[in-house]
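# Observations on chain architecture
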Amino acid sequence: MTTATPASAATATAEGAGRATGPSAEELDGTDPLARFRDRFLPADGVVAYLDGNSLGRPLRQTGADFADVVAGEWGTRLIRSWDERWLDLPLGLGDRIAASTLGAAPGQTVVADSTTVLLYKMMRAAVAARPGRTRILMDDDNFPTDRFIAEGIARECGLELQWIPVDKAAGITIDLIDEALTAASGEAFGDRVALVVLSHVSYRSGHLADVAAITARVHDAGALVLWDLCHSAGSAPIELDAWNVDIAVGCTYKYLNGGPGSPAFAYVASALQNELDQPIQGWMGASDIFAMAEGYVPAKGMRRFISGTPPILGMLPMQGMLELIEEAGMPAIRQKSIALTEYTIRIVDDLLTPFGVQVASPRDSGERGSHVTIRHPRFKAVTAELWKRGIIPDFRNPDGLRLGLSPLSTSFGEVLVAVEAIRDILADTESAAEAGPGR
Ligand SMILES: Cc1ncc(COP(=O)(O)O)c(C=O)c1O
Ligand SMILES: Nc1ccccc1C(=O)C[C@H](N)C(=O)O
């Protein structure tokens, strides 16, 4: 790694923001077929560039009015009657809508409920119980903390072993890694100790996009179930859960589905598997006859059984507005814009930041990349703090990763340029790291 002097950095600047090697941000914004959608989001005072939609998507302009309508109407006027008229069916109806527009899944396999964490718990517990006699959960060691922590807890609770799959930082989760892990978990037959494999479609750290179809097929060769975490792909990358033969998937709705802070998550269970899975938080809303007030729990047939208690109806509102935008734009165009944004980001990072020793941690092949680009530098914790002061909002992930989250419907190429130029300026200005700022 070579660290440039400010003088060589200035040379990079003089070359311009990638203009030598491709179209400028202005040109890209000018020809962006999805540019019109940006105006549908609420402007944020003092924010110059918002590059954290992979953590919290922006609200739509219409969201405030949508809330006011529901407070006055469905809640304020229809009151308790709204449960029968709409709300009881909303977790499944909205699930079907997310499934159709973003998950490549037929109706009746997706539900909206709980937080991602709670759904991960319910689904992992149900899955391991459906493979009795198998004693291992496999998970990549770079998975998001909540996934890892939930698996640790379930392993302890159920007397199972948690086998970590060591992720190759350069290549992400590959079929070879899965093969090796399943082979290591073989007794009489390939992978026969494994009950469940849990992986993320897009890595929260590096942005690697996993080959879900191929990996799922290999897990099935071992007779195990697979659970995919779709938090970083739902709404930004193509997903074909039915065609890929996925068993179970869970994802959050506050990133690229713009559901707002704490909006409920979704879970998908392939129809053939649904009645085989018994989830551990057996509340009345997932029972076969909700209002029977029965003595004992009998799970509902189908996806309703994965609901536990009263669903957070208000938290489901903003994502409904966002789904309209997604349906209007279509996932193929959204993916195209996502690729254009990440390609542009990598191009100008190469141009402007490589002279400072910045490295691109995300894959360079668009086919292997989700919708954020992670760049690395030892001083990025302090740089992120300074960016936030200037109204430029990416995020920082320990130990040295700065993530540039690119939301296809709300992010402009101009925002990326402003952010990367600011990173260059801060790196040029600061000699040493200041241990401060938002770090997680
Ligand atoms: C891959 C992944 N899983 C899970 C979560 C979060 O779970 P929860 O929505 O319960 O906080 C996140 C982000 O917060 C994530 O990136
Ligand atoms: N839900 C949050 C609440 C507070 C701060 C961050 C988050 C995130 O979503 C983090 C994200 N999952 C990540 O990939 O780091």
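Quick caveat: nothing in here was measured; it's all calculated off a predicted structure. (Residues numbered from 1 in each chain as written. Chains lettered and ligands numbered in written order. Predicted model: local features only at pLDDT ≥ 70, side-chain atom pairs only at ≥ 80, totals over all residues. Heavy atoms only, no water.)

Under the UniProt annotation, "binding site: pyridoxal 5'-phosphate" (unreviewed entry) lies at T116, T117, F144, P145, T146, D147, D229, H232, Y254, W284 and T310. Taken together, the annotated residues stretch across 195 residues and extend over separate regions, lying up to 31.1 Å apart by C-alpha. Overall, D229 belongs to the buried group, its relative accessible area being 3%. Those residues in contact with D229 that sit more than four places away from it in its chain are L120, D147, L199, S200, H201 and V250. Among the structural elements, Y254 can be located in the loop between β7 (248-251) and β8 (265-269). Among the residues examined, Y254 registers a relative accessible area of 23% and is labelled partly exposed. When sequence neighbours within four positions are dropped, the list of residues in contact with Y254 reads S55, L56, G57, T116, G259, G260, G262 and S263. (UniProt positions renumbered as here; feature names shortened; annotations may be inferred. Buried < 20%, exposed > 50% of the residue type's maximum accessible area, 1.4 Å probe, protein only. Contact = heavy atoms within 4.5 Å. Helix = DSSP H or I, 4+ residues; strand = E, 2+ residues; numbered from the N terminus.)

Topologically, T216 is positioned in helix α9 (residues 212-221). In this structure the side chain of T216 is engaged in a polar contact, spanning 2.9 Å, whose partner is the side chain of W228. T216 has contacts with V226, W228, W244, N245 and V246, leaving out every residue within four places of it along the chain. (Polar contact = N/O pair within 3.5 Å; in protein donor to acceptor, adjacent residues only side chain to side chain.)

Taken together, the neighbourhood of ligand 1 is formed by S115, T116, T117, F144, T146, D147, S200, D229, C231, H232, Y254 and K255. Within the side chain of D147, one N or O atom sits 3.2 Å away from a nitrogen atom of ligand 1. Within the side chain of Y254, one N or O atom sits 2.6 Å away from an oxygen atom of ligand 1. For ligand 1, whose accessible area on its own is 390 Å², the fraction buried by protein is 84%. Only α6 (116-129) and α7 (145-158) provide two or more residues apiece to the shell around ligand 1. (Near = heavy atom within 4 Å. Areas by Shrake-Rupley, 256 points an atom, 1.4 Å probe, with all protein chains shown as cover.)

Here we come to the site of ligand 2. Close contacts around ligand 2 come from S55, F144, Y204, H232, Y254, K255, R397 and R403, and that covers them all. At 2.8 Å, a side-chain N or O of R397 approaches an oxygen atom of ligand 2. The separation between an oxygen atom of ligand 2 and a polar side-chain atom of R403 is 2.8 Å. If ligand 2 stood free it would expose 370 Å²; the protein chains cover 68% of that surface. In the shell around ligand 2, the residues fall into 3 nonpolar, 2 polar and 3 charged. Built from parts of two domains, the shell around ligand 2 gets at least three residues from each of domain 1 (6-61 + 330-429) and domain 2 (64-324). (Nonpolar A, V, L, I, M, F, W, Y, C, P; charged D, E, K, R; others polar. Domains from an automatic or database assignment.)

We now examine the pattern of salt bridges. Under the definition given, this model contains 24 salt bridges. E328 is paired through a salt bridge with R40; the nearest N and O atoms lie 3.1 Å apart. You can see E328 sitting in helix α11 (residues 317-329) and its partner R40 sitting in the loop between α2 (25-31) and β1 (49-50), a full 288 residues away along the chain. Under the relative-accessibility criterion, E328 is labelled partly exposed at 44%. When its relative accessible area of 29% is taken as the criterion, R40 is described as partly exposed. Ionic pairing is found between R218 and D179, a salt bridge with its closest N-O pair at 2.6 Å. (Salt bridge = Lys/Arg side-chain N within 4 Å of Asp/Glu carboxyl O.)

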